[in-house]
Amino acid sequence: MMKIYGVPGWGSAISEVMLTLAEIPYHFINVDGFDSDGPQRELLKKMNPLCQVPTLVLENGNVMTETAAIALMILDRCPELAPPVGHAERQQFQRLLIWLVANVYPTFTFADYPDRWAPDAPAQLKKNCIEYRKSLYMWLNDQLNAEPYAFGDQLTLLDVYIAVMRTWGPGHDWFQDNTQNISAIADAVCQHPRLRTVLKNNKII
């Protein structure tokens, strides 16, 4: 059984929900506090020198990181969790999956720890990152149709990203007021019976 090193509600939640949807068993190890010096950070560093969550130790003992890479690994086992190869929606799925981690993720890297990157102006850096993140989500919203998921009736791993990331800043109310498609897709994912326990454990519902 693979192991996930993470923190409830953090980026590791995406991997937990994806694996649960794919019915791939895993054991979760909470490393809350890993972002500061201490035993949890030292534990994580042994497997992932970047000290990031999620960090997965696979059944064969290999380490896997990066949620997009984890998503691709899951698709190797459960290809039905993405639009079929050869369909136009497949390219859009691939584009938006990588777009999220390449564009939206960095806004959290800098806004969550602004003192590290701009010690002379941390408040301004945080503000700028959050405003930029809002503009990114508004662009994403325009690419989506909530029918009820991003690609119609088929629940995909992209929908999992949307559901989890909605719980992060700028928060539910902002998404509801400004990105109705994102909110509707996230609501649909949160109603999926197979996901209720893992969503509750990560404080997503």
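Everything numeric in this text was worked out from a predicted model, so none of it was measured.

Peer 1: Sorry, what's going on with the side chain of Ser 12 here?
Peer 2: Note on placement: Ser 12 falls in helix H1 (residues 12-21). With residues near it in sequence (within four places) discarded, Ser 12 still touches Ile 4, Tyr 5, Gly 6, Val 7, Phe 28, Val 53 and Pro 54.

Peer 1: Looking at this structure, how should I read the UniProt feature "domain: GST N-terminal" (unreviewed entry) in the protein?
Peer 2: Look at the UniProt record and you will see "domain: GST N-terminal" (unreviewed entry) annotated at residues 1-82. With 34% helix and 20% strand, the stretch residues 1-82 has end C-alpha atoms that lie 24 Å from each other.

Peer 1: Would you mind showing me how to read the packing of helix H4 (residues 88-111) against helix H7 (residues 157-165) here?
Peer 2: When two helices pack together, their arrangement is captured by the angle between the axes and the distance separating the axes. In the contact formed by H4 and H7, the axes pass within 10 Å of each other and the chain directions differ by 25 degrees. By the angle between their directions, the pair H4 and H7 is classed as roughly parallel. As H4 packs across H7, the resulting crossing turns out to be left-handed. Residues Phe 93, Leu 96, Leu 97, Leu 100, Val 101, Val 104, Tyr 105 and Phe 108 of H4 form the contact with H7, whose own contacting residues are Leu 157, Leu 158, Tyr 161 and Met 165. Here the contact of H4 with H7 is composed, by residue class, of twelve nonpolar, no polar and no charged.

Criteria and cut-off values
- Residues numbered from 1 in each chain as written.
- Predicted model: local features only at pLDDT ≥ 70, side-chain atom pairs only at ≥ 80, totals over all residues.
- Heavy atoms only, no water.
- Helix = DSSP H or I, 4+ residues; strand = E, 2+ residues; numbered from the N terminus.
- Contact = heavy atoms within 4.5 Å.
- UniProt positions renumbered as here; feature names shortened; annotations may be inferred.
- Axes fitted to C-alpha atoms, helices over the stretch in contact; angles between N-to-C directions.
- Parallel < 35°, antiparallel > 145°, perpendicular 65-115°, else oblique.
- Left-handed = near helix turned anticlockwise from the far one by under 90°.
- Nonpolar A, V, L, I, M, F, W, Y, C, P; charged D, E, K, R; others polar.

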